[in-house]
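Structural overview
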Amino acid sequence: MSFKKQDIYNALETITAPGEGKSLVENENVKNVVTFGNEVIVDVVIGNPSLQAKKKVEVEIMKAIHQHVDQKIEVKVNVKAEVKPKEEVNQIRGKEIPNIKNIIAIASGKGGVGKSTVTANIAISLAKMGFNVGVLDADVYGPSQHIMFDVEKERPLSVKVEGRSKMKPIENYGVKLLSLGFFTNPNQAVIWRGPMASKALNQLIFDADWGELDFLLIDLPPGTGDVHLSIVQALPITGAVVVSTPQNIALADAKKGVAMFQQEAINVPVLGIVENMAYFTPEELPENKYYIFGQSGAKNLAEDLETAFLGEIPIVQSIREGGDVGHPVALQNGTQLEESFKEITQEVVSQLLKRNANLPPTEVVRITTMSGCSTK
C-alpha cells in the first residue's frame, strides 16, 4: 500500500462543508493530516457542536479516503466543534457566489400583493432580453415559483462539480429555478423554526450549480423576519425591489420593507418600488381606469422615501390565470401586459446600472450594456 499525504487532501476536497459551497479543505475545516504506514489521522474543526454533525463528518471522511485512496487504510477522525462568538457589531457581510454577477431581492412588506407574480415576470422579461437568469424561491412557507414556471412535478438532479455533489436547478422559459416547493409535500404545511428555514435556504444557495448568471432574483417571503436576515447575511445583495399595492394598509408595510433594507447594519440599496394592481380597465371600456385600491399610492411612497418608482401593473384577469397555469404573461409577444413588465424590467436594470456605477469594481460586477436602458 502506497499513498501520500496529498492523496488524503485530494480525497477531502470531494467533501462539501455544509452550507458553504466549499470543500472541507478550502473552507479550512481540516486542521491536520498525519499518515503513518497504512494509518491516517485527520483533525477537523466544525461549527456545529451536535453529535449528529460530528458523526456525519467522520463517516464522510472515512468514506472519501476509502473510495479515492485505498479501501484498506485505517482512518481515525478527530472532530472538534468550535462555535464562533458573536461579534458585538453586527455588520452583515455576504459571501459572493462565483459566476453570479447581480443578486436582486424582491420583497413586500405584506402578503398577497403579487410579489411572486412580479418576480416570475421580471425573470422571464430579463431572459427574453438575452440575460442568463436564475430565480431562488425563498418563500419558505408558501413557495409558488415552481407552479408559476410549470415545473411543479420536476425534481432537481444531483450533479458532480469539481468532485462535489451539487443540485442542478430546474430550467424553463430560459430561467433556472430552485424552490423548496420541489422538496416539500404540497398537501402538508411546512412547520419550521427560523434556523431550520435558514439552513435549507443556505443549501439551495451554496449547494447548487447555478452556472453563469447575469441575474439571480430572490423571491422573499412577505414581511421582515428570519429568512430576510438569513439571506442578507448569506449573500451580497446588489439591490432590492419592493412590491406593493396602492392602498394605505399595504403601503405602511411596504415602508417597513424599505426601512429594513436601509438599516445601517444591512445597507442594501433599494432599486425602487413596483405598484401592482394599480387600476382596473374593463374590456368594454378600454379608456376607463378604476382605481379600486387607491391612486398612485406606491408612486407617492417612492417619492417620500426618495427611491425610484419602477412602474405600475393593472389588475388584469389573465395575469392571475397565467401564473396559475404556469405560463406568465411576460411570455406573450406584442401585448400591453408584456410591454408593461418589459418597461418595469428595463427600469430595474437602469437603476441597477446607477447603483453599480457607484460601487468599487471589486464589490460588484457591472452591467455595461442593456437595450432600452440607460444610466441617466
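No experiment lies behind these values; they were computed from the predicted model shown.

UniProt tags Gly109, Lys110, Gly111, Gly112, Val113, Gly114, Lys115 and Ser116 as "binding site: ATP" (unreviewed entry). By secondary structure assignment, the location of glycine 109 is in the loop between strand 4 (100–107) and helix 3 (115–128). For glycine 109, a relative accessible area of 17% gives the class buried. The contact partners of glycine 109, leaving out residues within four places of it in the chain, are Pro222, Gly223, Asp253 and Ala254. Looking at where lysine 115 falls in the secondary structure, it is placed in helix 3. In this structure lysine 115 touches Ile106, Ala107, Ser108, Asp139, Asp219, Leu220, Pro221, Pro222 and Val243, once residues within four positions along its chain are discounted.

Two pairing modes exist for strands in a sheet, parallel and antiparallel, and in both the strands are linked by backbone hydrogen bonds. Sheet architecture is open: eight strands sit in the order 8-9-5-10-4-11-12-13, paired in mixed fashion. Each having just a single partner strand, strand 8 (170–172) and strand 13 (309–315) make up the two edges of the open sheet. Within this sheet the neighbouring strands show an average axis-to-axis angle of 25°, counted without direction. In this sheet, strand 9 (residues 175–179) lies alongside strand 8 in antiparallel orientation, the contact comprising three bridges. Within the sheet, the bridge partner assigned to glutamate 171 lies in strand 9 and is lysine 176.

A few words now on the nonpolar core. Within the largest apolar cluster, 42 residues are counted, with the highest numbers of intra-cluster contacts made by Ile218, Ile231, Leu235, Ile237 and Phe261. When contributions to this core are tallied by element, the ones reaching two or more residues are strand 4, helix 5 (194–206), strand 10 (213–219), helix 6 (226–234), strand 11 (239–244), helix 7 (248–262), strand 12 (270–280) and helix 8 (297–304). If we ignore the near neighbours within four places in the chain, the residues touching phenylalanine 261 are Ala105, Ala107, Leu220, Val232, Ala240, Ile266, Asn267, Val268 and Val270. Among the nonpolar cores identified, the runner-up in size contains 39 residues, and Ala250, Leu271, Ala308 and Val348 belong to it.

How each quantity is defined
Residues numbered from 1 in each chain as written. Predicted model: local features only at pLDDT ≥ 70, side-chain atom pairs only at ≥ 80, totals over all residues. Heavy atoms only, no water. UniProt positions renumbered as here; feature names shortened; annotations may be inferred. Helix = DSSP H or I, 4+ residues; strand = E, 2+ residues; numbered from the N terminus. Buried < 20%, exposed > 50% of the residue type's maximum accessible area, 1.4 Å probe, protein only. Contact = heavy atoms within 4.5 Å. Pairing = 2+ DSSP bridges. Axes fitted to C-alpha atoms, helices over the stretch in contact; angles between N-to-C directions. Core = buried A, V, L, I, M, F, W, Y, C linked by side-chain atoms within 4.5 Å.

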